[in-house]
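Remarks on the overall topology
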Amino acid sequence: AQTEINTAEVCAALERVASDWNLAIRDEALNGLAKRAPETALTLVRNALLGDSATLALFEAAERLADTSLAGVLKELWLSESGDRQLDEAARAAFAACSTENDG
């Protein structure tokens, strides 16, 4: 997900892996899709954010997408303190990128 290759085959592979049961793999795939095919990634990222667990890569994907439609789920489910400072900071950064409150 971190290479710069952007082909239809790479995007298709990332989309397939975006439903993997392993969160780390899933979220890295979503981050790669957010970079290469944001229109495809948006719904997948939103659905992943509605789940019970997330990794830094999922919040990086949400931040990369910076879509206001993600702000509500981020605020509702991920802005309370989890005890993991790095994850909490990533969730706040994603919310800031997606939030219309920060438009100037």
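Not measured: the values here are computed from a predicted model.

A few words on the confidence of the model for the protein chain. The pLDDT averaged across the protein chain works out to 91; a share of 92% of its residues lies at or above 70. When the elements of the protein chain are averaged for pLDDT, helix H1 (residues 8–17) gives the smallest value, 90, and helix H4 (residues 56–65) the largest, 98.

Looking now at the environment of Ala57. When you line up the elements, Ala57 lands in helix H4. Once residues lying within four places of it in the same chain are set aside, the contact partners of Ala57 are Asp27, Glu28 and Asn31.

Moving on to the packing of aromatic side chains. Under the criterion given, the structure shown has one aromatic pair. Between Phe59 and Trp78 the ring centres are 5.4 Å apart and the planes differ by 75°, which places this aromatic pair in the edge-to-face class. Of this pair, Phe59 sits in helix H4 while Trp78 sits in helix H5 (residues 71–78), placing them 19 residues apart in sequence. Both residues of the pair, Phe59 and Trp78, count as buried.

Here is what the cut-offs are and how they apply
- Residues numbered from 1 in each chain as written.
- Predicted model: local features only at pLDDT ≥ 70, side-chain atom pairs only at ≥ 80, totals over all residues.
- Heavy atoms only, no water.
- pLDDT = per-residue confidence, 0-100.
- Helix = DSSP H or I, 4+ residues; strand = E, 2+ residues; numbered from the N terminus.
- Contact = heavy atoms within 4.5 Å.
- Phe/Tyr/Trp six-rings, centres within 6.5 Å; stacked < 30°, edge-to-face > 60°.
- Buried < 20%, exposed > 50% of the residue type's maximum accessible area, 1.4 Å probe, protein only.

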